[in-house]
Amino acid sequence: MALIVKIGGSIQKDEKDYELIVKKIQDFSKKSDKIIVVTSAIKNVTNELISATSNTDNSPNIVTEIYERHIKLLSKLADGKEFENSFKDISRLSDELFRVAWSIRVLDEVTPRVRDYILSFGERMATLLLSAILRSNGIEAEGIITPPFLTDENYGEANVIEDLSKNEIANILENAKANVIVLPGFIGRTREGRYTTLGRGGSDYTATLLGKLVGVREVRLVTEVPGIMTGDPKKFENAKTISRLSLEEAIELSQLGAKRLHPRTFDPVFGSDMKVIVESLYEDGFTIINGECQNNDGLKGISLLDNAKLITVESTKIVGKIGSAARITNEAKEAGVNIISISQPASETTIQLVVDSLSANRLLSKLEEIRGTLVKDIEVNDINIVGIVGCGIKKKEISTKVLSIASSYDPLAISRGISNVSMTFIVNKDEGEKLAKELHKVIVSG
Ligand SMILES: Nc1ncnc2c1ncn2[C@@H]1O[C@H](COP(=O)(O)OP(=O)(O)O)[C@@H](O)[C@H]1O
Ligand SMILES: N[C@@H](CC(=O)OP(=O)(O)O)C(=O)O
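One structure accompanies this document, and this report is about it. (Residues numbered from 1 in each chain as written. Chains lettered and ligands numbered in written order. Predicted model: local features only at pLDDT ≥ 70, side-chain atom pairs only at ≥ 80, totals over all residues. Heavy atoms only, no water.)

Let us now look at the nonpolar core. Among the nonpolar cores identified, the biggest contains 51 residues, and Ile7, Tyr18, Ile25 and Leu134 are the most heavily contacted of them. Only β1 (2-7), α1 (15-31), β2 (34-39), α2 (45-54), α3 (59-77), α4 (80-107), α5 (112-136) and β4 (180-184) provide two or more residues apiece to this core. Ranked by residue count, the leading element in this core is α5, at 11 residues. Sequence-distant contacts of Leu134, defined by excluding residues within four places in its chain, comprise Val22, Ile25, Ile139, Ala141, Val180 and Val182. If you look at the next biggest cluster of nonpolar residues, it comprises 39 residues, including Ile4, Leu210, Leu247 and Met274. (Core = buried A, V, L, I, M, F, W, Y, C linked by side-chain atoms within 4.5 Å. Buried < 20%, exposed > 50% of the residue type's maximum accessible area, 1.4 Å probe, protein only. Helix = DSSP H or I, 4+ residues; strand = E, 2+ residues; numbered from the N terminus. Contact = heavy atoms within 4.5 Å.)

Attention shifts here to α5. Taking 1.5 Å as the rise per residue, α5 with 25 residues should run 36 Å; its terminal C-alpha atoms sit 37 Å apart, in good agreement. Counting buried positions along α5 yields 18 of 25 residues, so the element is predominantly enclosed. Looking one or two residues past α5, Gly138 carries a phi angle of roughly 85°, positive in sign. (Expected span 1.5 Å × (residues − 1).)

Contacts to ligand 1 come from 17 residues, most closely from Lys6, Ser10, Thr223, Glu224 and Asp232. At a separation of 2.5 Å, an oxygen atom of ligand 1 approaches a polar side-chain atom of Glu224. In this structure, a nitrogen atom belonging to ligand 1 sits 2.9 Å away from a main-chain N or O atom of Met229. Within the complex, the protein chains bury 92% of what would otherwise be the 570 Å² of accessible surface of ligand 1. Tallied by class, the residues present in the shell around ligand 1 amount to 5 nonpolar, 6 polar and 6 charged. (Near = heavy atom within 4 Å. Polar contact = N/O pair within 3.5 Å; in protein donor to acceptor, adjacent residues only side chain to side chain. Areas by Shrake-Rupley, 256 points an atom, 1.4 Å probe, with all protein chains shown as cover. Nonpolar A, V, L, I, M, F, W, Y, C, P; charged D, E, K, R; others polar.)

Considering all chains together, one arrives at 27 salt bridges under this definition. A salt bridge links Asp27 to Lys30, with the nearest nitrogen and oxygen atoms 3.5 Å apart. Of the two residues, Asp27 and Lys30 are both situated in helix α1; the distance of 3 residues between them amounts to about one turn of the helix. Given the relative accessible area of 29%, Asp27 is considered partly exposed. Residue classification places Lys30 among the exposed positions, given a relative accessible area of 68%. With a shortest N-O distance of 2.9 Å, Arg371 and Glu368 are connected by a salt bridge. Accessibility expressed as a relative area gives 39% for Glu368, which makes it partly exposed. (Salt bridge = Lys/Arg side-chain N within 4 Å of Asp/Glu carboxyl O.)

Residues in contact with ligand 2, as listed here, are Lys6, Gly8, Gly9, Ser40, Thr46, Glu123, Phe186, Arg200, Gly201, Gly202 and Ser203. At 2.6 Å from an oxygen atom of ligand 2 is found a side-chain nitrogen or oxygen belonging to Lys6. Gly201 has a polar backbone atom sitting 2.8 Å from an oxygen atom of ligand 2. Burial of ligand 2 by the protein chains amounts to 86% of its free accessible area of 340 Å². Residues belonging to the shell around ligand 2 are distributed by class as follows: 1 nonpolar, 7 polar and 3 charged.

The following block contains the structure:
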C-alpha cells in the first residue's frame, strides 16, 4: 500500500534538516513499498517569490538568492554524477525563472497567471533538490516536476479537476521507475499547461487529495512542530500536542489558522477511512486526524487571529429590504475581499463584516460609493478573533464555562462553527490575547 509523506517548507532549511528527512524516508520505506513524497518550496521561498512579484525592481536579486540557496544545499548534500545532473536541472529551471524576473522588472506588471507561474518555481526546484538528496543517500527516488493536478484557471486559488487528475496520477505512478516518487505540492496546471497554485499552505492539501485519488490509508504531514497543538506554540508557551482530532475539529482548527493548513486540507478525508497524521521532523509527538466526535472529547485547541477589522454598516434602509445584505456582501466580492465573519441583529439595523486588516480599505472605499443610498454610517474597529475548538463544546456544562469566561471580555459577536464543534468570539483588539490565554489554560488543564 502506498504512503503519502508531505515534507513542509519549515523543515527544509539546512543540511541537518535534510539528514533527518533522509532518515525519515528510509524508515517509511521499511514499512511501505511505494512512497509518494510531496514537497513544499524550501523555507521561506514562497514568501520571497511573492515579494519578487510585488517588488519587481528587486526581483532578479531575489531569484538569484533563491537559486544560490538551492545550489549551496545541493553541493553539501549530493556528490558526483548526482550533483552534476541535478545542478544542470536546477540551473535550467532557475534560468527560466531569472528571465521571468527580468521581464516583470521591465514591464513592472504581474498578472495573476504570471504570479502563479513564478510561485511554481519554488516547489519545482524543491522537488529536484529533495529527490537528488534522497538518491545521493542510496534511496531510489524519482523527482517529477510536472504538477500532479489538473485545475481550472482560478489563479491563486485554483480548483482541482479530480477526475482528470486521477488519470494523470495513475499515469505518473504507472510510468514511475522508482519506489519513492517526489512530487511538487501546492501547484497545478490548467488543461492548456499553464501553472496554477492552490492557495497558501496548499501542499498539505496536495498530500490529502493525492491520498484520496490514489486510495491510500495514511497521509503524513511532516513539519517542525509535534502535531497540531492546543495553540500556536509561538504564541502559547505551554501549548501541548493534541493526540487526536475528529475531522470536524480539524476542519475548524485549520480554518481558524492552526498550523497554517490550507482550509481544504481535510476535505478529501470525508467519506474515506484515510487517516492524516501531523508529526514533527525533530521530536516525538503527533496528531491523528480521523473519524467523528467521541463521547469523551473535551476542548482541543484555541486560535487567535490578531489582524482583523470589524466593519459595521448602519442603515435603516436595510430593514425588511430583500437583497440588502446581498448588496453589501457583493461590494466585498467586487473589492476582492474575503469576509471572515458576518452577522446581523434581528432588528436588521446593521450588518457587521469581519475582514482581514490588509484588505479593509478596499472594502471601505467600495462601501463609501453607496453611502447615502443603502449605507448611512460606517464604523470600523480593530478587533481580534478568538476561536475555541473541540467536540466537547456541544456539552452544555462545557459551553457554559466557555461562554462565562468570554462574557467578561464583552464580545462584539459570538458564533458557532461546523457541527457545533467551535465557538468564535470577536473582541476588541486589546482583549484578544488575554481571552485566548485564559481559554487556553482551561484546555490545557483538561
Ligand atoms: N495550533 C497549532 N499547532 C501547531 N502549529 C501551529 C498552530 N498554530 C499555528 N502554528 C504554526 O504553524 C507552523 C507550522 O506551519 P508551517 O510553517 O506552514 O509548516 P510547514 O512549512 O512544515 O507546512 C508552526 O511553526 C507553528 O508556529
Ligand atoms: N509553499 C507554499 C505551499 C505550502 O504548503 O508550504 P508549507 O508546507 O511550507 O506551508 C506556501 O508557502 O504556501
